[in-house]
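What follows is the residue order along each chain.
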Amino acid sequence: MADRSPVLQVENLEVHYTTPRGVIRAVDGISFDLAQGERFGLAGESGSGKSTAAQALMGLIRPPGHIVGGSVTLDGRPLLGLSDEQLRRIRLAQMAMVPQGAMNSLNPVRRVRDHFADSIRAHRARVGDREIRERMQELLAMVGLRRSTGDLYPNELSGGMKQRVCIALAITLQPKVIIADEPTSALDVVMQRQVMQTLRTIQERLGASVLLIGHDMGLLAQFVDRLGIMFGGRLVEVGPVGDIFHHPVHAYTRMVIESLPTLKERDPSRAARVSGARLQPSRTEVLRETAPGHWVAVEEKAS
Ligand code: ADP
Ligand code: MG
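Small disclaimer: the values here were computed from a predicted structure and weren't measured.

Engineer: So what's going on with the environment of Gln-174? Which residues, and what values?
Structural biologist: Within the secondary structure layout, Gln-174 lies in the loop between α5 (159–170) and β7 (177–181). Separated by 34 residues in the primary sequence, Gln-174 and Ala-208 place their C-alpha atoms 8.2 Å from one another.

Engineer: I'd like a rundown of the nonpolar core, residues and numbers included.
Structural biologist: Among the nonpolar cores identified, the biggest contains 79 residues, and Ile-167, Ala-170, Val-177, Ile-178, Ile-179, Leu-211 and Leu-235 are the most heavily contacted of them. Here the element with the most residues in this core is α5; it accounts for seven residues.

Engineer: Tell me about the site of ligand 1, and please be specific about residues and values.
Structural biologist: As a structural note, the neighbourhood of ligand 1 is formed by 14 residues, with Tyr-17, Ala-26, Lys-50, Ser-51 and Thr-52 the closest of them. Only β1 (3–19), β2 (22–36) and α1 (50–57) provide two or more residues apiece to the shell around ligand 1. No other element matches the three residues that α1 contributes to the shell around ligand 1. Grouping the constituent residues of the shell around ligand 1 by class yields four nonpolar, nine polar and one charged.

Engineer: Explain the packing of α5 against helix α6 (residues 189–206) residue by residue, including any values.
Structural biologist: For the pair α5 and α6, interaxial distance at closest approach is 9 Å and the crossing angle is 20°. Classified by the interaxial angle, the pair formed by α5 and α6 is roughly parallel. Our pair here, α5 against α6, has a crossing hand that is right-handed. Between α5, through Gly-159, Gly-160, Gln-163, Arg-164 and Ile-167, and α6, the contact on the second element is made entirely by Met-191, Gln-194, Val-195, Thr-198, Leu-199 and Ile-202.

Cut-offs and rules
- Residue positions are given per chain, counted from 1 along the sequence in the order it is written.
- As they are written, the chains are lettered A onward and the ligands numbered 1 onward, keeping that order.
- Only residues with pLDDT of 70 or above have their local features reported here, since the model is predicted, and side-chain atom pairs are shown and tallied only from 80 upward, although totals for entire chains, interfaces and linings are computed over all residues.
- Helix and strand definitions follow DSSP, with helices as H or I runs of at least four residues and strands as E runs of at least two, each counted in order from the N terminus.
- Put simply, a nonpolar core is buried Ala, Val, Leu, Ile, Met, Phe, Trp, Tyr and Cys residues tied into one set by C-beta atoms within 7 Å.
- Once C-beta atoms are placed from the backbone, each residue is buried if 20 or more other C-beta atoms lie within 10 Å of its own, exposed if 12 or fewer, and partly exposed for counts between those two.
- Only the C-beta atom matters for this test: placed from the backbone, it must lie within 6 Å of a molecule or strand for the residue to be near it.
- Any residue outside Ala, Val, Leu, Ile, Met, Phe, Trp, Tyr, Cys, Pro, Asp, Glu, Lys and Arg is labelled polar, Gly included; the first ten of those are nonpolar and the last four are charged.
- The axes are straight lines fitted to the C-alpha atoms, using for helices just the contacting stretch, and the angles between their N-to-C directions are given from 0 to 180°.
- Note that the term roughly parallel is reserved for angles under 35 degrees, roughly antiparallel for angles over 145, roughly perpendicular for angles of 65 to 115, and oblique for everything else.
- Note on convention: the crossing is left-handed when the near helix lies turned anticlockwise from the far helix by less than a right angle, right-handed when the turn is clockwise.
- Contact between two residues is assigned when their C-beta atoms, built from the backbone, lie within 7 Å.

What follows is the structure in structure tokens.
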């Protein structure tokens with residue numbers, strides 16, 4: 001069971017993109033905690049601000065994006081406002097991300113072992129080949145890949161293997177927090193399960209906390225302890241995964257859950273399409289705790 005003291009605290013985080021067509025409030029004031037050893041899911045349709053939120057946590061927002069408000073605290077230490085170099089160190093050692101589409105960004109002309117060498121040298125320039133090889137083998141074993149995988153080129157790997165390589169690369173320094181942004185999209189069901197299993201094994205081995213981002217609520221639910229539902233840059237509901245599924249309160253969450261296809265006929269994009277078409281995000285809702293640990297966005301009443 002997870003220790004309940006939060007490793008990561010996000011408060012009122014706001015990220016805007018300034019575009020020729022106006023300001024996009026990609027993340028519009030979200031708050032949540034991540035406890036030590038906890039698996040927390042961030043679900044929401046495409047464009048709801050999930051990746052932007054992840055990048056903001058990692059200190060990776062670049063123009064035209066700007067963090068315009070809020071705070072992010074890792075182990076009691078405020079992250080927003082740190083220098084790029086300080087953030088880079090934290091990224092390597094404490095909070096790691098497997099970005100959306102990571103498996104397609106492996107360099108096709110470099111072997112898997114070269115990727116490991118780069119990643120290991122990124123934080124320790126003077127490290128011998130033998131040590132790199134040993135560390136790589138350890139990491140490959142952790143994600144359930146053979147040591148000979150190091151000799152292969154990315155195009156010799158299946159999608160699931162590539163994604164597991166990316167996870168292994170991200171955890172080189174045994175981070176406390178692992179953010180995985182849609183790690184299973186574009187994979188078939190068998191590989192989805194393998195990747196999820198890999199994440200779980202690693203999370204348990206490292207005692208890390210995981211922030212898992214996805215649009216497929218059914219898939220997320222099998223992995224996480226708690227779930228946050230994003231809609232239009234805002235969190236509309238946060239709670240234990242069972243509560244969210246059995247007692248969804250917010251209109252958006254209810255729509256998504258009602259329209260979830262059965263496992264047999266699952267089409268992850270369908271739920272989002274159905275619901276997004278009918279509801280508009282509200283900027284005047286605030287999160288209220290309606291049951292222990294279950295938070296729902298409700299219209300703020302003028303007092
Ligand atoms: P998700 O990961 O949930 O699909 P994103 O965080 O990628 O959502 O996007 C949230 C919103 O921000 C969308 O409206 C998207 O078009 C916009 N957005 C994302 N990245 C950029 C960018 N670099 N420039 C302008 N707008 C962006
Ligand atoms: Mg995304």
